[in-house]
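Now for the letters of each chain:
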Amino acid sequence: MENNSGKKGSFTLPGESGYEDLTLKLAKKWGADVIRDCDGTDLSDEITKAGYNIYSTLCVVRSDNEWAKKNMDKLQQNYLMSFPATSTSDNLEINILNGYFNKQFIIDEKSNPKEYWQVFDRTTGKEVPKEKWEYNNRIVTINNTIKWHKYTVNFLVFRIWEEISMYNHITNNWGDKEHLMSIDPIYEESQKHILGLLEKWLLNHPNTNVVRFTSMFYNFCWIWGEDPKLKHIYSDWGSYDFTVNPLSMKKFQDLKGYKIKSEDFINMGYHNSTHNPPTKIYLDWIDFVNSFVVEFGRKCIDLVHKYNKKAYVFYDDHWIGIEPYSKRFTDFNFDGIIKCVFSGFEARKCASVIDVKTHELRLHPYLFPTGLTGEATFKEGGNPDIDAKNFWINIRRALLRQPVDRIGLGGYLHLVEPFPKFIDYIEELTNEFRTIKDLHTNDRPHSANFKIGILNSWGSLRTWICSGHLHEHPEIELTNLLESLSGLPFDVEFLSFDDVLKNGISDDIKVLINAGKANSAWSGGVNWKNPKLVETISSWVASGGGLIGIGEPSAIQYSSQYFQLTNILGVEKETGNKIAFCKYNYNNSENQFILEDQVNIPIFKNNTENIYVTEKDVKVLLDKNNSPILTTNSFYNGRSVYLSGFTFSNENTRLIHKIICWVANREKEFEKWTCKNPNTECAYFPNKRILTVINNSDLEQSTSINTPENKKYSIYLKPYGIKIINI
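Summary of the structure given here. Residue indices begin from 1 for each chain and proceed along its sequence in written order. Predicted model: local features are reported for residues with pLDDT of at least 70 only, side-chain atom pairs are reported and counted for 80 or more only, and whole-chain, interface and lining totals are derived from all residues. The side-chain figures draw on all heavy atoms in the structure; neither hydrogens nor water molecules are used.

A helix here means a DSSP run of H or I that spans at least four residues, while a strand means a run of E at least two residues long, and both kinds are numbered starting from the N terminus. When helices and strands are tallied, the protein shows 19 helices and 33 strands. Here the globule rule reads 2.2 Å times residues to the power 0.38, and the radius of gyration is calculated from C-alpha atoms. Relative to the compact-globule value of 27 Å for 727 residues, the protein shows a C-alpha radius of gyration of 27 Å, a close match. Each principal axis of the C-alpha atoms in the protein carries an extent, and together these give about 75 × 75 × 45 Å. With a 1.4 Å probe rolled over the protein chains alone, any residue whose accessible area is under 20% of its type maximum counts as buried; one over 50% counts as exposed, and the rest are partly exposed. The buried share among the 727 residues of the protein stands at 60%. Of the contacts formed within the protein by residues at least 6 apart in sequence, a portion of 73% connects residues at least 24 apart. All accessibility values rest on the Shrake-Rupley procedure with a 1.4 Å probe; residue burial counts only the protein chains present in the view. Accessible surface computed for the protein: about 29700 Å², of which carbon and sulfur atoms make up 47%. Only four residue types enter the charge count: Lys and Arg as positive, Asp and Glu as negative, with His and the chain ends excluded. By convention, the charge on Lys lies at NZ, on Arg at CZ, on Asp at CG and on Glu at CD. One way to put it: in the protein the 83 positive side-chain charges average out to a point 3 Å from where the 90 negative ones average out. Residues count as neighbours in contact if any of their non-hydrogen atoms are within 4.5 Å of one another.

In this section: the sheet that holds strand 30 (residues 690-695). Strands belonging to one sheet form pairs held by backbone hydrogen bonds; the direction of such a pair is parallel or antiparallel. One bridge is not enough; two strands pair if DSSP finds at least two bridges between them. Read from one edge to the other, the open sheet built from three strands follows the order 29-30-33, with strand pairing classed as antiparallel. Looking along the sheet, the strands with just one partner apiece sit at the ends: strand 29 (680-685) and strand 33 (722-726). On average, adjacent strands in this sheet sit at an angle of 15 degrees to one another, irrespective of strand direction. Here strand 30 pairs with strand 33 via five bridges, running antiparallel. For I694, the partnering residue across the bridge sits in strand 33 and is I722. With axes taken as lines fitted to C-alpha atoms, and helix axes fitted only over the stretch in contact, angles between N-to-C directions fall between 0 and 180 degrees.

So, on to the packing of helix 7 (residues 246-256) against helix 9 (residues 280-306). As a packed pair, helix 7 and helix 9 sit with axes 11 Å apart at the nearest point and diverge in direction by 105 degrees. As far as their axial angle goes, helix 9 and helix 7 are roughly perpendicular. Contact residues: S248, M249, K251, F252, L255 and K256 in helix 7; D284, W285, D287 and F288 in helix 9. Working rule for angles: under 35 degrees goes down as roughly parallel, over 145 as roughly antiparallel, 65 to 115 as roughly perpendicular, anything else as oblique.

A separate point is unusual backbone geometry. T214 connects to S215 through a cis peptide bond whose omega is -20 degrees. With respect to the element layout, S215 can be found in the loop between strand 13 (210-213) and strand 14 (221-224). A cis amide bond, omega 5 degrees, links H364 with the succeeding residue P365. One non-glycine residue, S554, lies in positive phi territory at about 55 degrees. Mapped onto the secondary structure, S554 falls in the loop between strand 23 (546-551) and helix 16 (566-569). Classification of S554 as buried rests on a relative accessible area of 0%. For W673, which is not glycine, the phi dihedral falls at a positive 55 degrees. With respect to the helices and strands, W673 occurs in the loop between helix 19 (667-670) and strand 29.

With that settled, consider the environment of N585. Mapped onto the elements, N585 comes out in the loop between strand 24 (571-573) and helix 17 (592-595). For N585, a relative accessible area of 77% corresponds to the exposed category. Residues N585 and G487 lie 98 residues apart in sequence; the distance between their C-alpha atoms is 38 Å.

This part is about the sheet that holds strand 2 (residues 34-36). Sheet architecture is closed into a barrel: eight strands sit in the order 1-2-3-13-16-17-18-19, paired in parallel fashion. Strand-to-strand, the axes of this sheet are offset by a mean angle of 25 degrees, without reference to chain direction. In terms of strand pairing, strand 3 (residues 53-58) meets strand 13 through four bridges, oriented parallel. Each bridged residue has a counterpart across the sheet, and for L58 the counterpart in strand 13 is F213.

On to the side chain of S10, then. Among the structural elements, S10 can be located in the segment before strand 1 (11-14). Dropping the residues within four chain positions of it, S10 is found in contact with D33, D405, R406, I407, F433 and K437.

Further remarks concern the pairing of strand 23. Extensive coverage of strand 23 is indicated by the burial of six of its six residues. Across six bridges, the pairing between strand 22 (residues 509-516) and strand 23 is parallel. The residue bridging V511 from the neighbouring strand is G546, located in strand 23. Note on handedness: a clockwise path from strand one over the helix to strand two, with the strands aimed away from the viewer, defines a right-handed crossover. One crossover worth recording links strand 22 to the parallel strand 23 by way of helix 15 (residues 531-542), and it is right-handed. Bridging between strand 23 and strand 28 (residues 638-643) involves five bridges; their strand directions are parallel. Opposite G549, over in strand 28, you have Y642 as the bridge partner.

Okay, here's the thing in structure tokens:
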């Protein structure tokens, strides 16, 4: 395999006016073929005319603050629910915006509150009749309340500070810099303005080769609080809460034939979190917004193409409505998609998108003083080279399985100057990436001869998505599982419960995984009340399929069971209603295959407790405090495994690899091109006859690999190292 050291290409550098020498020096060192601008930076003529392709960032809904200030009724809106207030008499006054960040929201007093707002007695769950409440100057007065009942108000607001601008402003200390606002393109006046602004922008950027939309129109939901102890009230990277206003509600009713209400968005205060099973109304709303975003987005992209420029979309920030895994995505006619990534499953999330020519990853750490959680990065106390290595080893293992076309960085380039180790490491990283990219040319790595099906409420619409990044929700079993799967030699398919009910489970899927907490979108919640779903999966496993349940799979307090698939899994969770019943006694069993090379007892930080055995033949491989954490069972001709939780780690990745092979009754698959040391992994490219071995740790590692022909390779790897071996 050719060494890519010294080569260039497939890398995007964030340039910066005022630092031309640094920009061009690092462009050469890192082998960049593209230079981009970022929020808060510009590119001078010296940079744009230096012979590099140029990406220019554009967010069309917050590009003209003067127009936004003159058209405040066209700002983007959303519903908020007032913080619950307890009535102590027969009437109650609620200051509805109390607790919310007053630099983010103002109350919509232009739309009739009696038409668009709702007031609820949350103790009974019933709506308060409109004639029993009044609004005046931030205050809703509710009459004839019931003493000691809790009440809330669903009300419309305008957002007066766009969330990404707000975050960057606060993170990067922008001081007196103007607060940007987002306009809503649902209005014809906004559309006309956006298209005119875009055309003028295109004329004024003759050196731009790629317009990088950041992203399109609607941001993920990010609600900030006034109290420093509750700075962020709610955040969901997949939520459509920020897409609603009176006009869109009317258009929805005209199209779908029924009225949507505030409570369909507030949802008792849960909002429409991606972690909750979506209702039919919410799915209809997603479909409605997606249809509009594609229709108007195509007009923007056609305009970009008219000026002989390419259109890429950033798969973050204002990505809501784009839905890269929807059937409509191809209608955008994007040339490329860019994804900000911390982890392997996010790399797969970008790489798996079809109907675009270019897939690009924006790596971390961003060139900002601090990271997303406030940790020091490019400032005193930061170690950005270590951060970059730790992010890269997770991304790299995913890229060995499925490639992307490009990588790059974002932020303020001048911040790297005091960090020479980071500068040198990025040169090493870019060369590694080019090598991995070349491996996939006219080749694909060896994978198992069967598929894994991931069963959840969203299915293929949210392929490789749980919502957000791994570091935001470390307790979610499925997110951790996907991180492990992102670098394992399996093809993965995402199935919704509706898919299974309609089409069954395809023959090429040998393992079905349901992972998550009860009532979540990932476990399934109310979907498990459908007996046909249980029948379909039971029949499939009985015929030889393999089922893995993690956390609280198939869980709902509904029938005589809590886990609706407990007869297959052979375990159940004590929820308090069977305390009086005796439980099966068990002895810990051995499974030579699953645990034979497990060095340490698996640790799951999201461990589900109070699990007990329900079938006499269940094998308990591991337990904790008399609660099983790893079990196996047979169900007619099929097999099942239960895990009480799952946390991503190198050892746990090895564990799930073996569990998958065992439950599929394909143990020999594990022996093909697998590293002995779980801190290392490999990928074999059969057409090139190249074996690639990686060290997923910050320590030196030795490992060995047995080929299917029983030839053994012994490998030594430096910390974070990679080796390419011609077989």
